[in-house]
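Listed here are the chains, written in short residue letters.
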Amino acid sequence: MAKQASKTYIDFASTSVNGDIVLSLEESGRTTEAIHRGEKISRGITTFLTYLFILILALAMIFPFYWMLITSLKQNDEILATTQTFFPRIVMWSNYVHVLQVFRFGTYMRNTIVVAIFSTIGTLLTTILAAFAFARLKFAGRDAVFAIFLMTMMIPGEMMVISNYITVASFGWVGEGQTLTDAYLAEIVPFIVSVFYIYLLRQNFKQIPNELYLAAKVDGKSDWSFLWKVMVPLAAPTLISITILKFMGTWNAYIWPNLVTTNSDYRLISNGLRGSAFVDVDSGVTEYGYQMAATVLVTVPLFLLFVFFRKYIMRGVGRAGIKG
Amino acid sequence: MESIEKTTQNQGSQTGGLSRRVLQKVGKIELWVRYALGVIFLGVFLYANISLNQKTAHDLAQAVPVPTPDEPLYQETLLWSFLLLLALDVLALYLLYKEQSVYRSEKMHPDGRFLARAIVLCLCGCSPIGVLCIIYYIQQKRLLAFQTAQDGQNEAAKMFREERPSYVAGYDEANHRMIRLVAPKKHRAAPYQVRGIEDVVAKNNWKGWLYLAPVIVLVAVFLIYPLINTVFIAFAKNYQYASGAFDGLTLRNFTYILGLTTKANGAHETYFISYAIPNTFVLTFVTVAVSTLLALFISVALNSIPKFQKFLQTVFFLPYVTNAIAVGMVFSVLFDDNGVINYIFHSTTRWVYGADQWVAMVPLCLYIVWGSIPFKILILLSGLQGVDKQYYQAAQIDSASRHKVLWKITVPLLSPQILYIMITSVIGAFKEYTHIVGLFNGPGTLGQAGTPNMETIVYYIYQNLSTNTSEAAAAAVFLFVIILIFTAIQFVVSKKRVHY
């Protein structure tokens, strides 16, 4: 009886899609336990290889950050030595002390924060109003205007920069005798509207059920108070995403501030970083330690922002992909 | 219906020559070209017309006789548009004629699309005349308004009062202003009556424009006007941005940046054609391909592992939240002559400072790939998590190989995300600028000194922006057209390959 059972085999050849599978317990001569074990081992090996692949690439991803950090803690002799060390021989903070004295971190920081706050507030205001109009109100020409807005999203920003520079110059914000206020205006005003964020928020507003609007109307609320009392709180996650992305954008802005300012005191943090010559006064050698200390100072605030608002940042960036 | 379609297709291919399908395709392309050209020309015309009008208004204020619009700029552009649109008209007429003859040979009635095309041709065929009419109309309107304003507002005020006696109106003599008092609305909704709330309140809500007003003003000033203006500057001769003066329209800016012609003073542009264009294309094709493939592998691997998935995903997202300039400086330290990369690989290659053009591409491409992977992983991973597990179970039953599962199941299912990534990253790579500044601190491997051998098209635009505005604008239009072509190609390919 037992012998007979071992000789039976299941033939999948007639039913398998590829027509190439013959599953035979008898022919292989292995028990089901052995097959299970084999499968387990091969799965283990695959998982191990997958982890190895991911870990190697993850290390490659982090390596620049690690190198930035340890270089900022090294002495210049050690940085320029022929044998590189993967951990500083002496951990020293003098690079940071020097950089905080030479690199006007405070000035750039203040400029960046002022520009970031005002452009974010402006963007939020214009975005909320426009998204509300596009999502909730019905009026003639709405869809046409929205279509035009969407079309502008496809046009590369470089097309606009040239004329925007001329426009800003004609407002008297750029050129000889530029004051700090002029510089701020030139850095803020062109960026207090973003078609992409309007689109993002409109999609979010559209998801808010119509019944809420009708209920608010029955209760005698105006559109205006409905927007601020109901819709804005409901769309808060998206608004937070927009705020953070806008902040990050200002922190990373390089081209435009460089273009519209004449005095380096009016520029933002990225400009300060690339514009400063981290050179030793006596020997004229580039001090990589100073450079890296400055980059650490610029990178750390972004990392802190990321640590605290990881969810919002990743959702804000990812939302773009889902909506395509 | 389908059978008829099929038979006509067969007949079309049998008759030889131009089949109906080919004609329809060509006709469609022609239609889109016509639309695009129409929009561009309308923009340029309106712009030229408005600047001309400003001049006439100015002359009127100076009590000079009104000049007729016979300036060379005007005539040149008019001639161009006339010829182009006329050529298009001839082409369209020829196509329609051909198509009709095909229909006749097949004993078929033309379908709706054919008629629609014929109607569009009738309307747009006379587009030069239409444009002329619009310009003339605006001109007349402006002159009229100016003259009436000068003739005296008393007359207008009197007429206004006589025509509309129902208004309680007055005329402020001192300030030359109409004072208009409007009576309250007659019909008010009865109290305690709630009906058709949405229809009455939300429809035709003129307040919508109020909500939109700030955005429309900003978009008009900083998005739409610059777009038209940049196209205009790209075609303007001897444009000076400070005064806005120019001597007519020309194609010379384009031929100059492409190295085909020289300037009047003998200046000859070589950097754009020898550095900017090849660099931009190499960067785009290398970085987009490498980073998309890597991101695909990483996200598939991340999706398959049981533990630490969230943590590793965060690690891979880190490069997204960095300052491009700062990390560029880090990469230049990594790839320094005495840097860690040379130390690990025991080489003495000069990667960044003083490097050869194509050697310097290596750190640059690595840096761009490093910086662009996070976004792609995020998108691909969210796509992977939405994939139905049944596909993989079916593949397992058929004992499909890992390789086959990846390319026959995962990639086709992810194709919408991949298309999105490809489009955004191709556009992004064509606009490469910040990474170069971060890595090289200038347009070339010698920083601010030396030849700009790492220049890209966008770098060229920014370098020439304030000194040679017209050339920068021409380069921007050039870039725009390239991006448009590539996006269109991607969409056409996606029609066949993307499965939604």
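Attention in this report is confined to the structure presented alongside it. (Residues numbered from 1 in each chain as written. Chains lettered and ligands numbered in written order. Predicted model: local features only at pLDDT ≥ 70, side-chain atom pairs only at ≥ 80, totals over all residues.)

## With respect to the overall build of chain A
Piece 1. Helix and strand counts for chain A come out as 17 helices and zero strands.
Piece 2. Per-residue burial for chain A yields a buried fraction of 36% across its 324 residues.
Piece 3. Within chain A, residue pairs in contact and separated by at least 24 positions form 68% of the contacts whose partners lie at least 6 positions apart. (Helix = DSSP H or I, 4+ residues; strand = E, 2+ residues; numbered from the N terminus. Buried ≥ 20, exposed ≤ 12 C-beta atoms within 10 Å, placed from the backbone. Contact = placed C-beta atoms within 7 Å.)

## So, the overall build of chain B
Piece 1. Counting its secondary structure elements, chain B contains 20 helices and two strands.
Piece 2. Put simply, chain B has 500 residues, and 31% of those count as buried.

## What about helix α8 (residues 158-170) of chain A?
Residue and element names in this part refer to chain A.
Piece 1. For α8, spanning 13 residues, the distance from its first C-alpha to its last is 19 Å, which sits close to the expected 18 Å at 1.5 Å a residue.
Piece 2. Of all the 13 residues making up α8, 11 are buried; the element is thus mostly covered by neighbouring parts of the structure.
Piece 3. The complete set of buried residues in α8 reads Glu158, Met159, Met160, Val161, Ile162, Ser163, Asn164, Tyr165, Ile166, Thr167 and Val168.
Piece 4. Taken from the residues just after α8, Gly172 is the one with a positive phi, measuring 80 degrees. (Expected span 1.5 Å × (residues − 1).)

## Here's the deal with the interface of chain A and chain B
It is common to give the size of an interface as the accessible area lost on bringing the parts into contact.
Piece 1. Opposite the 79 residues of chain A that make contact, chain B presents 84 residues.
Piece 2. Each residue belonging to the side of chain A that touches chain B can be placed in one class, and the counts come to 52 nonpolar, 20 polar and seven charged. (Nonpolar A, V, L, I, M, F, W, Y, C, P; charged D, E, K, R; others polar.)

## Considering the environment of Ala472 of chain B
Piece 1. Its location among the elements puts Ala472 of chain B in helix α20 (residues 469-497).
Piece 2. The buried category is assigned to Ala472 of chain B, around which 27 C-beta atoms lie within 10 Å.
Piece 3. It is 22 Å that separates the C-alpha atoms of Ala472 of chain B and Ala36 of chain B, two residues lying 436 residues apart in sequence.
Piece 4. Those residues in contact with Ala472 of chain B, other than ones at most four positions away along the chain, are Ile162 of chain A together with Ile461, Asn464 and Leu465 of chain B.

## Focus on the packing of helix α14 (residues 357-385) of chain B against helix α17 (residues 415-430) of chain B
All names here are of chain B.
Piece 1. Look at α14 against α17: their axes get within 9 Å of each other, and the N-to-C directions meet at 160 degrees. Comparing the axis directions of α14 and α17 gives the class roughly antiparallel. In the crossing of α14 with α17, the sense of the turn from one axis to the other is right-handed. Residues Ser372, Lys376, Ile379, Leu380 and Gly383 of α14 form the contact with α17, whose participating residues are Gln417, Tyr420, Ile421 and Ser425.
Piece 2. Across the contact of α14 with α17, the residue classes tally to four nonpolar, four polar and one charged. (Axes fitted to C-alpha atoms, helices over the stretch in contact; angles between N-to-C directions. Parallel < 35°, antiparallel > 145°, perpendicular 65-115°, else oblique. Left-handed = near helix turned anticlockwise from the far one by under 90°.)

## A few points about the environment of Leu283 of chain B
All names here are of chain B.
Piece 1. By the secondary structure assignment, Leu283 is in helix α10 (residues 271-304).
Piece 2. Given 21 C-beta atoms within a 10 Å radius, Leu283 is considered buried.
Piece 3. For Leu283, the residues in contact, after removing those within four places along its chain, are Cys365, Ile368, Ala429, Glu432 and Thr456.

## Focus on helix α3 (residues 32-72) of chain A
Residue and element names in this part refer to chain A.
Piece 1. Helix length check: α3 (41 residues) gives 59 Å between terminal C-alpha atoms against 60 Å at 1.5 Å per residue, within 8%.
Piece 2. The sharpest bend along α3 comes to roughly 40 degrees, located at Ile62, with the proline Pro64 sitting one to four residues further on.
Piece 3. Those residues of α3 lying buried are Ile54, Ala58, Pro64, Trp67, Met68, Thr71 and Ser72. (Bend = angle between axes of the 7 residues up to and from the residue.)

## Observations concerning the environment of Phe254 of chain B
Residue and element names in this part refer to chain B.
Piece 1. Along the chain, Phe254 turns up in helix α9 (residues 252-257).
Piece 2. Since 19 C-beta atoms lie within 10 Å of it, Phe254 is described here as partly exposed.
Piece 3. C-alpha separation for the pair Phe254 and Leu93, spaced 161 residues apart in sequence, amounts to 31 Å.
Piece 4. Apart from the residues lying within four places of it in its own chain, the contact partners of Phe254 are Ala474 and Phe478.

Everything listed is a geometric property; what it means functionally is a separate question.
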